[in-house]
Amino acid sequence: MRSHIFRTIATGAALTLLLFSCRQPQDLDTDRRVVPTNLPEIIDFSPKAGNWSTRITINGKNFVNVQRVMLDTLILDSVVVESPTRIQAKIPGARQPYGVLYLSVTTGRGTAKASEGFVRAWGIASGKITLDKQPLDSTILYLSKPLNNVTTIIAANILGLPKGWFILYGSELGGDDSKEIILRPFKSGCSFAPNERRFLKGLDIIGGQDFEAKRLPPERLPSVTSITPSVGASYGWSETGTTIALAGTGFTKVKKAVIVTPYPSPDLANPHSTTLGCKEAKAITIENDNKISIAIPRLDGTKAIPGRTYNCQIYLLTDEGSIVAPQRVNITYL
């Protein structure tokens, strides 16, 4: 009988302990939940991008009894806790993972995670493009080296990166010297802040080249009502092809015209997908506010297939923003 009573009391005590262990701490006098204090917090870090051997400085709060610093699942080494508000750590030589990763700091009281991503990659520069603080897709980037008189236009979407992120590589500007590079994003119907970023190529990738988009009212952008002819040709042996005429309004604002071509994607797992190629039309004549003539530029010979016809977009760029013509032009690569 006595052993049965002891077993009952022990069982009840165990259940009570289990019940309280599943609940958040409470002040027994007021029955209010106790909020944990002295939790670690990441406020900022630099640089915003890097690769093997890059040292990252993390600023925050309550970096006491630090147990580990990580980029997603990658444990950083050479961790130095300089103060409760500052840590330095180095990216080890592990080959993976790459892409947009998130820093975390674990102490004896909990784990803090950075609110913005760190780009681990090779390249010149990286950043993200947002609209209303949300990732913005389908943006094009206009790159130039003024001292070399070199320009190029690429699609910002990069295979393997989250929506809205981009990476620039040295091959996109024909060389890896350290002259100034200017970067401008364009998205139909949008302006950007800042409207451009300037930087010098360094030994490591430069992160944090971010842009915030804003919608523009239609009356502040040109409009296209027709394209004639709607079919044309691009030649592998000539810089220009068929000349087409655009009718509409607001064309005196136009600075550049871009042909956007949907090439077959290198993603073999999805044979029907496409990747966008952008080519600036160098031969453009603004005849008046209602008419522009554009000579179709030579398509990308590394992607275009001779004899194939591509249904292309026409992108008009102004100092303030850009617009994609609602009409398309069919271009045959010869």
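In what follows, the accompanying structure is described. (Residues numbered from 1 in each chain as written. Predicted model: local features only at pLDDT ≥ 70, side-chain atom pairs only at ≥ 80, totals over all residues. Heavy atoms only, no water.)

**So, the overall build of the chain**
Line of reasoning, step 1. Helix and strand counts for the chain come out as one helix and 32 strands.
Line of reasoning, step 2. Of all 334 residues assigned to the chain, the portion counted as buried reaches 39%.
Line of reasoning, step 3. In the chain, 60% of the contacts between residues at least 6 apart in sequence involve partners at least 24 apart.
Line of reasoning, step 4. For the chain, the computed accessible surface area is about 18200 Å², with 55% contributed by carbon and sulfur atoms. (Helix = DSSP H or I, 4+ residues; strand = E, 2+ residues; numbered from the N terminus. Buried < 20%, exposed > 50% of the residue type's maximum accessible area, 1.4 Å probe, protein only. Contact = heavy atoms within 4.5 Å. Areas by Shrake-Rupley, 256 points an atom, 1.4 Å probe, with all protein chains shown as cover.)

**A few points about the pairing of strand β11 (residues 103-107)**
Line of reasoning, step 1. Burial of β11 is extensive: five of the five residues sit out of reach of the surface.
Line of reasoning, step 2. Residues of β11 alternate between two faces, with Leu 103, Val 105 and Thr 107 on one and Ser 104 and Thr 106 on the opposite face, all of them buried.
Line of reasoning, step 3. As defined by bridge partners, strand β6 (residues 66-71) adjoins β11 across five bridges and the pair is classed as antiparallel. Bridge pairing in β11 places Val 69 opposite Val 105.
Line of reasoning, step 4. Pairing between β11 and strand β12 (residues 110-113): four bridges, direction antiparallel. Each residue of the ladder has a partner; that of Ser 104, found in β12, is Lys 113.
Line of reasoning, step 5. Hairpin connection of β11 to β12: two residues between the antiparallel strands. (Pairing = 2+ DSSP bridges.)

**Things to note about the sheet that holds strand β16 (residues 140-145)**
Line of reasoning, step 1. The sheet built from four strands is open, its strands ordered β17-β16-β19-β21 with antiparallel pairing. Strands at the two margins of the open sheet, each flanked by one partner only, are β17 (150-155) and β21 (197-200). Here the average twist between neighbouring strands, direction ignored, is 25 degrees.
Line of reasoning, step 2. Note: strand β19 (residues 180-186) against β21, four bridges, orientation antiparallel. Within β21, the residue paired with Glu 180 across the bridge is Leu 200. (Axes fitted to C-alpha atoms, helices over the stretch in contact; angles between N-to-C directions.)

**Observations concerning the sheet that holds β11**
Line of reasoning, step 1. Ordered in space as β7-β6-β11-β12, the four strands form an open sheet in which the pairing is antiparallel. Strands with a single pairing partner mark the edges of an open sheet, and in this sheet they are β7 (74-75) and β12.

**Re unusual backbone geometry**
Line of reasoning, step 1. In this structure, Pro 47 follows Ser 46 across a cis peptide bond, with omega equal to -5 degrees.
Line of reasoning, step 2. Within the secondary structure, Pro 47 sits in the loop between β3 (41-46) and β4 (49-50).
Line of reasoning, step 3. Notably, Asn 62 is not glycine yet its phi reads approximately 55 degrees, a positive angle.
Line of reasoning, step 4. Along the chain, Asn 62 falls in the loop between β5 (55-61) and β6.
Line of reasoning, step 5. Among the residues examined, Asn 62 registers a relative accessible area of 27% and is labelled partly exposed.
Line of reasoning, step 6. Phi is positive for Asn 65, which is not a glycine, with a value near 55 degrees.
Line of reasoning, step 7. Within the fold, Asn 65 resides in the loop between β5 and β6.

**Details of the nonpolar core**
Soluble globular proteins tend to pack their nonpolar side chains together in the buried interior.
Line of reasoning, step 1. With 24 residues, the main nonpolar core has Leu 246, Ile 294, Ile 314 and Leu 316 as its most contacted residues.
Line of reasoning, step 2. Listed by contribution, the elements that provide at least two residues to this core are β23 (223-228), β25 (240-249), β26 (254-264), β29 (291-297), β30 (309-318) and β32 (329-333).
Line of reasoning, step 3. If sequence neighbours within four positions are ignored, Ile 314 has contacts with Ile 227, Ile 244, Leu 246, Val 258, Ile 259, Ile 294, Ile 323, Val 324, Ala 325 and Val 329.
Line of reasoning, step 4. Residues Ala 125, Leu 131, Leu 173 and Phe 199 belong to the second largest nonpolar core, which totals 19 residues. (Core = buried A, V, L, I, M, F, W, Y, C linked by side-chain atoms within 4.5 Å.)

**Topic: the pattern of salt bridges**
Line of reasoning, step 1. In the structure shown here, the tally under the stated rule is 13 salt bridges.
Line of reasoning, step 2. Note that Glu 196 and Arg 198 form a salt bridge whose closest N and O atoms lie 2.8 Å from each other.
Line of reasoning, step 3. The partner of Lys 282 in a salt bridge is Glu 280, with the nearest N and O atoms 3.4 Å apart.
Line of reasoning, step 4. When salt bridges with common partners are traced through the structure, they connect Asp 44, Lys 48, Glu 116, Lys 128 and Asp 210 into a single cluster. (Salt bridge = Lys/Arg side-chain N within 4 Å of Asp/Glu carboxyl O.)

**A word on the side chain of Ser 234**
Line of reasoning, step 1. With respect to the helices and strands, Ser 234 occurs in strand β24 (residues 231-234).
Line of reasoning, step 2. By relative accessible area, which is 0% here, Ser 234 ends up buried.
Line of reasoning, step 3. Setting aside chain neighbours within four positions, we find Ser 234 in contact with Ile 296, Pro 297, Arg 298, Leu 299, Ile 331, Thr 332, Tyr 333 and Leu 334.

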